[in-house]
Amino acid sequence: MSKYIFVNCEKLNIERTLGVAHFLIELCKELKNYYKIIFVINSQNEIENNQSGQIVKEIAEDIIIAGDKYSDFNVINYIPSSSRAVELLPHHFQPPRFNLPSVLICHDLHVFDIEWKYNNAENVKNEFRKNLLSANAVVCEFPRTFYDIEHIADITLQNLYLTESPLLINTAINCSKNIEKADLKITNILFPAQMQRHKNHEALIQGLNECRKEGIAANLLFPGSSFDANYKTKLIDLIKELNLTSSVEFLGRITNKEIIDLYHMCDGVIIPSLAEGGAYVAFEAIAAGKPVAVNSIKSAMQHIKMIKGKVHWFDSTDIVDTAAAIKFIVTQKEEDFFSINKDGRERIQAMTWKVVSEKFAQIISWLLGDRDRPIMKIDSDGWNIKYS
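For clarity, every value in this text was computed on a predicted model and none was experimentally measured.

### Examining the sheet that holds strand 13 (residues 312-314)
The parallel open sheet is built from 6 strands, whose spatial order is 10-9-8-11-12-13. The sheet is open, and its two edges are formed by strand 10 (248-252) and strand 13, each paired on a single side. Along the sheet, successive strands turn relative to each other by an average axial angle of 25°, direction set aside. Pairing of strand 9 (residues 218-223) with strand 10, which is carried by 4 bridges, proceeds in the parallel orientation. Across the sheet, Leu221 pairs through a bridge with Glu249, a residue of strand 10. Contacting strand 9, strand 10 and strand 11 (268-271), helix 7 (residues 201-213) runs over the sheet at an angle of about 170° to strand 9.

### Topic: the pairing of strand 11
Of the two faces of strand 11, the one holding Gly268 and Ile270 and the one holding Val269 and Ile271 are both buried throughout. Here strand 11 runs beside strand 12 (residues 292-295); their pairing, made up of 3 bridges, is parallel. Looking at strand 12, one finds that Ile271 is bridged to Val294. You can see the chain leave strand 11, run along helix 10 (residues 280-287) and come back into strand 12, and the turn it takes is right-handed.

### Thoughts on the side chain of Ser273
If you trace the backbone, Ser273 turns up in the loop between strand 11 and helix 10. Setting aside its immediate chain neighbours within four residues, Ser273 contacts Phe191, His198, Lys199, Asn200, Asn295 and Ile297.

### What to know about the sheet that holds strand 4 (residues 84-89)
Consider a sheet: its strands pair through backbone hydrogen bonds, and that pairing is either parallel or antiparallel. Reading across the sheet, the 7 strands line up as 3-2-1-4-5-6-7 and stay open at both edges, with parallel pairing between neighbours. Each edge of the open sheet carries a strand with a single partner, namely strand 3 (62-65) and strand 7 (160-162). Looking at each pair of strands side by side, their axes are set apart by 25° on average, direction ignored. With 3 bridges joining them, strand 6 (residues 137-140) and strand 7 adopt parallel strand pairing. When the sheet's bridge partners are listed, Val139 is paired in strand 7 with Tyr161. In this fold helix 6 (residues 143-153) packs onto strand 5 (102-106), strand 6 and strand 7, with an angle of close to 160° to the strand it touches most, strand 7. Seen against the sheet, helix 15 (residues 353-367) touches strand 1 (3-8), strand 4, strand 5, strand 6 and strand 7 and runs at an angle of roughly 145° to strand 5.

### Quick look at the environment of Arg97
On the secondary structure map, Arg97 appears in the loop between strand 4 and strand 5. Considering only alpha carbons, one finds Arg97 and Ile271, 174 residues apart in sequence, at a separation of 37 Å.

### Concerning the pattern of salt bridges
Counted by the stated rule, this structure contains 22 salt bridges. Of the charged contacts, one joins Lys342 and Glu346 as a salt bridge, the two residues approaching to 2.7 Å between their closest N and O atoms. Taken together, the positions of Lys342 and Glu346, both in helix 14 (residues 342-350) and 4 residues apart, correspond to about one turn of that helix. Overall, the relative accessible area of 46% leaves Lys342 in the partly exposed class. With a relative accessible area of 42%, Glu346 lands in the partly exposed category. Here Asp381 ties to Arg347 by a salt bridge, and the two come within 3.2 Å at their closest N and O atoms.

### Observations concerning the packing of helix 7 against helix 12 (residues 319-331)
Viewed as axis vectors pointing N to C, helix 7 and helix 12 meet at an angle of 75°, and their least axial separation amounts to 8 Å. Judged on the interaxial angle alone, helix 12 and helix 7 are roughly perpendicular. Packed against helix 7, whose contacting residues are Ala203, Leu204, Gln206, Gly207, Leu208, Glu210 and Cys211, the element helix 12 presents Ile319, Thr322, Ala323, Ile326 and Lys327 at the interface. Its residues placed into classes, the contact of helix 7 with helix 12 shows 7 nonpolar, 3 polar and 2 charged.

Parameters and conventions
- Residues numbered from 1 in each chain as written.
- Predicted model: local features only at pLDDT ≥ 70, side-chain atom pairs only at ≥ 80, totals over all residues.
- Heavy atoms only, no water.
- Pairing = 2+ DSSP bridges.
- Helix = DSSP H or I, 4+ residues; strand = E, 2+ residues; numbered from the N terminus.
- Axes fitted to C-alpha atoms, helices over the stretch in contact; angles between N-to-C directions.
- Contact = heavy atoms within 4.5 Å.
- Buried < 20%, exposed > 50% of the residue type's maximum accessible area, 1.4 Å probe, protein only.
- Right-handed = clockwise from strand over helix to strand, strands pointing away.
- Salt bridge = Lys/Arg side-chain N within 4 Å of Asp/Glu carboxyl O.
- Parallel < 35°, antiparallel > 145°, perpendicular 65-115°, else oblique.
- Nonpolar A, V, L, I, M, F, W, Y, C, P; charged D, E, K, R; others polar.

Everything listed here is a matter of coordinates, which is why it stays silent on function.
In structure tokens:
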């Protein structure tokens, strides 16, 4: 008897929605070992001439171009009569469509944390609640999302689960490069993020300007696609106004290999984001053995606690504190941070997509009637996640 997963990408642009799409693709690479994976997308163009689309083609048993005409597509007529299926919803703004048992992945609480980002935020919040309540199971990969979702969204979810959050790109190294800061002419500080207002690049530019007043020099490297062209223009204008053009570099969207190379060549990583689901960039920096400074938002703090990570916490809404975070990275020795984050690197390495896919498979098996409902057990820091 065949078992299918219909991955509903109606509201997911596989090429542009970087983190969500990457998580989905890595998960489906492993779920392919258990199920036949069917991707349902709006347009063939979404998977043409891009790396993510090529991987989808390799994973998928079939790709269905549904567009908005879901009434024309009948799952029951599509799969053999002896087969069973579930619907996988890649994110919290995707409603179930196919009258199948469904699993929804909830990545973050942005619509509540930074509601100014959304037009008609109250309507979006209601859509968020409706989608979560419509799914048969909800899975989070970040501790803060898991622990706070019911309280913040004011809903009760009967089947809410937490999984690990493996690296989206493998930045891990085995040893420190043992480079002395005194041997470097200038410190290169990395912040990979799309050009979106809540990523808060502006804080780093203002902080760097404060550092310059103290005679502290550094370069800021900003890889990331121009998600919001107006925001990027505003940043460029600010850089010119502060005469920092030679100290800030926009690298645009780059390949995974290029971003890994940047992690390995930079001197430290700084994350000023006002809202995140977790702390993926910090994980990548810790895995790469780099000093890292992180804005002290709850989601990042709980995620980094999960791996016993050691980072420099700062308040990115305070220019002086942000400047101090930049100064911290400038004055750190890489080998020191490599040493203190030994536990963090080991925990990151222990989180694999196979581990995550096995948990999803247990939930899916329950929804297909093959086992009892999984019961989740977890320790106090969000590590040892067990389903029984």
